[in-house]
Structure formats: structure tokens, C-alpha cells
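# Fold and geometry: a report
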Amino acid sequence: MEQQQAPRWWAVVAVMIGIFLLVTAEQLPIGLLSQVADSMGVTPGMAGLMVTVPGVVAAFSAPLLPVAVGRLDRRIMLTALMAVMVAGSVLSALASSFILLLAARVLVGLSIGGFWAVAGSIAPRLVPEAQVPKAMTMIFGGVAAASVLGVPLGTLLGDLSNWRVAFGALGGLSLLTAAALWFWLPPLPPREPVRLRVLAQQFSNRGVRVAVLTTAFVVVGHFAAYTFISPILQEISGISQRHVSSLLLLYGAAGIVGNIAAGMFAGRHPYRAVLAIPSLLLIVVAVFPLLGVQPSSGVMLLMMWGAVFGSVSVSIQTWIIRTAPNTEAATALMAFTFNMSIGLGAMLGGRIVDGTSLPIAMWAASGLFLLGALLVWRTPSRIVGEKRR
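Residues numbered from 1 in each chain as written. Predicted model: local features only at pLDDT ≥ 70, side-chain atom pairs only at ≥ 80, totals over all residues. Heavy atoms only, no water.

Under an unreviewed UniProt entry, the name given to the chain is Purine ribonucleoside efflux pump NepI, and the source organism is Vreelandella titanicae. UniProt annotates the chain under Subcellular location (unreviewed entry) with the comment "Cell membrane". (UniProt positions renumbered as here; feature names shortened; annotations may be inferred.)

This is how it looks when you write it as C-alpha cells:
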């Protein structure tokens, strides 16, 4: 066990930036969907595969990479994965066909899964125990920051130039982040190598099992609808396409607020924090096609949506730390679930949107949120050390 002399906040910052860039890379096609579809001559539903492919690849790399690398120092692993991200971003920018673009997105998915699996579990190794909630809020603040800065700025850059420039810029920033990880992270040998048997054991724990299934319901539902937020805002709320990137900035800002609030609340009340997420998403997304039919109401519901979803990562990770027998293994399992759910959600939403309509996709998402809320409600709050009031 490492001797902790002082908080390593620069290391926390480097990991946060890594998460920020990875989530930006994964979700950037959402903001550039129409542009890439037109450029490559594919339908919007087909273009949604740019989200599905890295999501599915990340899902499998999350549990398998920590197993494959065994006792490799996590500092080396995180730096190498960011270098893979550089390659994936550059090749995406240079792709001459949609097939080659999807192939480059495979590298992005490989980096996302492995990085997330490790990043979520190292906060207790970088700061004293009393400061772990703050460190986790910072690290997973990278998720919300990707929404408030990464995706909107990438979308804006793509609008001002083209989508290839946006992907190329991600590659350059990823290269700088790889250097920061190498210089700022301390040596991080794994405390206990992750084995496939250990991963399976995590799922036998009820607390981990509930967290995994709830995450699946919430994330599949979210991305079945949110992947198509641009056409949702245009067709349902009557908002011009030129305003979408600005509204995504507001959405992300709401997500940062939600992340900070959840970081403070979930540390004391993880059960109630996790229960609130699918419950509130159910209400917001279900009423959007009915009440969000004006620009003002559409924007208001979008901000609420962003605030609630921004709280997901830090709330679920707090639950995991409270319940998991092996935090790194459970985090790898969670990363598998989260990223697989992103891919499945985008694919499900694409099929529904192409086959029916945007409101049907949003109501299907609401059904999944309902299942998540019921699952948490039926779970004893004492498993996370909280009494239900």
C-alpha cells in the first residue's frame, strides 16, 4: 500500500482532463451528426454508429484490458491509452470513407474503456481518504465538462470549419494530455491484479449488481434519446440548427452543476442520489414531446435533463465504493456497462427514429428510466449504509 504524503491534485487534474477528452471524443459525433452524414452520404441513423462502435468497443476493453495488462503500472497504462486516443482521433480526421471512419473509432473505444476502468478507482490512491469525494467529483467532472466545453466547442469548431478539424484538434489535445499523465501521475502498481474470476465475483454482490443494472437502464435510455438531441430541438422545439451548439453549452453547464451538487449530496446520501436520477429523467424526457414544443420550454427541459444526467457518474461511483469488494474490478465492470449502454442506446434510438419518430424514441427511453427507478426503490438502502426515510 502506497505511503500517502500529500494530496496529488495535479495527478487528479491530469486524469480529469483525460476523462474530459475521452468523453468528448465519444460524444462529439452527436453534435456533428448531420454534417458527417451529409459528408459521407449516410443517413442520420447510420451516422449514429459513430457513437455505437466506440461504445461497444469500450465496453469490452474496460474489463478485459485490466485483466490483460496484469501487474502493469497504471501510470504506464493510462499514458499508453491516451496515445491510442491520439491515433484514433487523427485517423478519424483523415478517414476517406465511412467504413474507415468507423475503424478509427474502434481505437477511440479501446482507449475509452481501458482508461475509464482504471481512472474511476484511483482517487483513493491520489488523495487522503477525507478528500476522496472531492477528487472523485473533479475526475468525473470531466464527464460534465465534456458536455459543457468539449462537445459544444468541438461542434462549433466543426461548424466554423468542418468535422475533420474537430477530430484533429482532439488528437493534438490528447497528445498533450498523455505527456501530463506521464509527468504528473505517481507510480501506480495495481494493489490486486484484476482477474476474470474477480470480475464475476463483483456481480454476485447485490450492491454492485443493482448499480450495474441501474446504470444500464439509465444510460441506454439517455442515449436512445440524447444522441438525436439536434433533431429533437429542431423538430419538436422549433429551434434553429445554428443555435444547437450554444444550447449544448448550456446543457453541459447544467451538467457541471448537477455533478457538483451530486458530489456533495451522494457522499452522505448515495441511495437517494441514485434513486433520484432515473426518477427525474423519467419525468423530464417523457414530457419533452408534450411540453417542450416551444423554444423556451424546450430549453428549460434541456437544462433539467443536463443537470440530472450530469450527476450520474459521481453518484454511481460513490455507490460502488460503498458496496464493491474490489473497487477497481467493480469500476471496470461499471465501465463495461456504461460504454456498452452508450452504444446500445445510440443504436436503439437510431432504429426507433428511422422507423417511427423522435417522440416514440423519447417515450421508449422513459420506459427504461422507469425500470431503473423501480430497481433502486426495491433495493434496501442499508446496502450503501443509508437509512430510507
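Moving on: the packing of helix α3 (residues 49–69) against helix α5 (residues 98–119). Across the interface, α3 lies against α5 with an axial gap of 6 Å and an inter-helix angle of 40°. As α3 packs across α5, the resulting crossing turns out to be right-handed. In this structure, α3 contributes Leu 49, Met 50, Val 53, Pro 54, Val 57, Ala 58, Ser 61, Ala 62, Leu 65 and Pro 66 to the contact, and α5 contributes Phe 98, Leu 101, Leu 102, Arg 105, Val 106, Gly 109, Leu 110, Ile 112, Gly 113, Gly 114 and Ala 117. When its residues are assigned to classes, the contact of α3 with α5 shows 16 nonpolar, four polar and one charged. (Axes fitted to C-alpha atoms, helices over the stretch in contact; angles between N-to-C directions. Helix = DSSP H or I, 4+ residues; strand = E, 2+ residues; numbered from the N terminus. Left-handed = near helix turned anticlockwise from the far one by under 90°. Contact = heavy atoms within 4.5 Å. Nonpolar A, V, L, I, M, F, W, Y, C, P; charged D, E, K, R; others polar.)

What follows deals with a nonpolar patch on the surface. Where nonpolar side chains cluster on the molecular surface, the patch consists of Trp 10, Leu 72, Ile 76, Trp 182, Phe 183 and Trp 184 and spans about 660 Å² of accessible area. Per-element accounting of the nonpolar patch gives the leading share, three residues, to helix α8 (residues 163–184). Secondary-structure assignment places Phe 183 in helix α8. (Patch = residues over 30% accessible without salt bridge, like charges linked within 9 Å, V, L, I, M, F, W, Y side chains within 5 Å. Areas by Shrake-Rupley, 256 points an atom, 1.4 Å probe, with all protein chains shown as cover. Salt bridge = Lys/Arg side-chain N within 4 Å of Asp/Glu carboxyl O.)

Let us look at the nonpolar core. Counting 124 residues, the largest nonpolar core has Phe 115, Trp 116, Ile 229 and Trp 305 as its most contacted members. Filtering out sequence-adjacent residues up to four positions away, Trp 116 remains in contact with Ile 19, Val 23, Phe 140, Val 143, Ser 313, Thr 331, Ala 335, Phe 338 and Asn 339. (Core = buried A, V, L, I, M, F, W, Y, C linked by side-chain atoms within 4.5 Å. Buried < 20%, exposed > 50% of the residue type's maximum accessible area, 1.4 Å probe, protein only.)

The residue Gln 35 is located in helix α1 (residues 9–40) in this model. A residue is classified by how much of its surface remains accessible, and Gln 35, at 23% relative accessible area, is partly exposed. Along the primary structure Gln 35 and Leu 91 are separated by 56 residues, whereas in three dimensions their C-alpha atoms are 18 Å apart. With near-sequence residues (within four places) excluded, Gln 35 lies in contact with Gly 158, Asp 159, Asn 162 and Trp 163. Side-chain polar atoms of Gln 35 contact the backbone nitrogen of Trp 163, separated by 2.7 Å. (Polar contact = N/O pair within 3.5 Å; in protein donor to acceptor, adjacent residues only side chain to side chain.)

Moving on to empty space enclosed by the protein. A complete count under the given rule lists five cavities of 30 Å³ or more for this structure. Put simply, the largest cavity is a space of about 100 Å³. Taken together, Trp 116, Phe 140, Thr 215, Val 312, Ser 313, Ile 316, Gln 317, Thr 331, Met 334, Ala 335 and Phe 338 make up the full set of residues lining the largest cavity. If you list the elements that add at least two residues to the lining of the largest cavity, you get α15 (312–323) and α16 (327–355). For the lining of the largest cavity, the residue count by class is seven nonpolar, four polar and no charged. (1 Å grid on protein atoms, 1.4 Å probe; cavity = no way out; pocket = protein on both sides within 12 Å on 5 of 7 lines; lining within 4 Å. Points joined across faces, edges and corners; volume = space filled by probe spheres on them.)

A few words on the confidence of the model for the chain. Of all residues in the chain, 95% attain a pLDDT of 70 or more, and the chain-wide mean is 86. Put simply, helix α9 (residues 196–203) is where the chain has its lowest mean pLDDT, 72, and helix α17 (residues 358–377) is where it has its highest, 95. (pLDDT = per-residue confidence, 0-100.)

Further remarks concern the packing of aromatic side chains. Using the criterion set out here, one finds nine aromatic pairs in the structure. Pairing Tyr 226 with Trp 305 gives two aromatic rings, centres 6.0 Å apart and planes at 70°, and the pair type is edge-to-face. In this pair, Tyr 226 is assigned in helix α10 (residues 206–226) and Trp 305 in helix α14 (residues 295–309), connecting sequence segments 79 residues apart. Judged by centre distance (6.2 Å) and plane angle (70°), the rings of Phe 288 and Trp 305 are edge-to-face. Note that Phe 288 is positioned in helix α13 (residues 270–291) and Trp 305 in helix α14, a separation of 17 residues in sequence. Neither residue differs from the other here; Phe 288 and Trp 305 are each classed as buried. Three or more aromatic residues joined by ring pairs make a cluster, and in this case those are Phe 223, Tyr 226, Tyr 251, Phe 288, Trp 305 and Phe 309. We note Arg 75 situated over the ring of Trp 182; from NZ or CZ to the ring centre the distance is 3.9 Å. (Phe/Tyr/Trp six-rings, centres within 6.5 Å; stacked < 30°, edge-to-face > 60°. Lys NZ or Arg CZ within 6 Å of the ring centre and 35° of its normal.)

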